[in-house]
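Here's the letter readout for the chains.
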Amino acid sequence: MEHYLRTCTSPEALRAGFAFYRNLPRDAADNEALLASGFRLTVPMLAIGGGRTDGFGRTGEVETSMHRVVTDVCRSIAEESRHFIPEEDPELTARAIPEHVERRA
């Protein structure tokens, strides 16, 4: 928490964070237009969802979301994580990425 407070509370960091959320409606419209065109990514995607739904863990929703835009999705659930999987389970993240790359190579 101290790290996030230190790095995310400056005016510049707050402006960037607010801009991310302010642009979500535009991003959604752009994504819908792209999907309507039939575009799909063909690169293999690893979708890791947090298994702890008591803190915005999305479990299988990550895979479902990715299937909208990606043709090759591999699902993984970080059972003890919520929303910020790399921070909450860095060991799982560090294992999952090279394993995914190796499986898809």
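About the criteria used
- Residues numbered from 1 in each chain as written.
- Predicted model: local features only at pLDDT ≥ 70, side-chain atom pairs only at ≥ 80, totals over all residues.
- Heavy atoms only, no water.
- Helix = DSSP H or I, 4+ residues; strand = E, 2+ residues; numbered from the N terminus.
- Rg over C-alpha atoms; globule rule 2.2 N^0.38 Å.
- Buried < 20%, exposed > 50% of the residue type's maximum accessible area, 1.4 Å probe, protein only.
- Contact = heavy atoms within 4.5 Å.
- Areas by Shrake-Rupley, 256 points an atom, 1.4 Å probe, with all protein chains shown as cover.
- Lys, Arg positive; Asp, Glu negative; His and termini not counted.
- Charge placed at Lys NZ, Arg CZ, Asp CG, Glu CD.
- Salt bridge = Lys/Arg side-chain N within 4 Å of Asp/Glu carboxyl O.

Caption draft 1: Broad picture of the overall build of the protein chain. In terms of helices and strands, the protein chain carries 6 helices and 2 strands. Against the compact-globule benchmark of 13 Å for 105 residues, the protein chain has a radius of gyration of 16 Å, which places it well outside the compact range. The dimensions of the protein chain, computed from C-alpha atoms along their principal axes, are 40 × 35 × 25 Å. Expressed as a percentage of its 105 residues, the buried residues of the protein chain come to 22%. Considering only residue pairs separated by 6 or more positions, the protein chain has 66% of its internal contacts joining residues 24 or more positions apart. By element, 60% of the accessible surface of the protein chain is carried by carbon and sulfur atoms, the whole surface being about 7,700 Å². Separation between the mean location of the 13 positive side-chain charges and that of the 17 negative ones in the protein chain comes to 5 Å.

Caption draft 2: Region of interest: the pattern of salt bridges. Overall, the coordinates contain 7 salt bridges when judged by the stated rule. Across the pair glutamate 61 and arginine 58 runs a salt bridge, and its minimum N-O distance is 3.6 Å. When the shortest N-O distance is used, the salt bridge between arginine 75 and glutamate 63 registers 3.5 Å. In this pair, arginine 75 sits in strand E2 (residues 73–78) while glutamate 63 sits in helix H4 (residues 61–67), placing the two residues 12 residues apart along the sequence. Judged by relative accessible area, which is 18%, glutamate 63 ranks as buried. Connected through shared salt-bridge partners, Arg52, Asp54, Glu80 and Arg82 make up one network.

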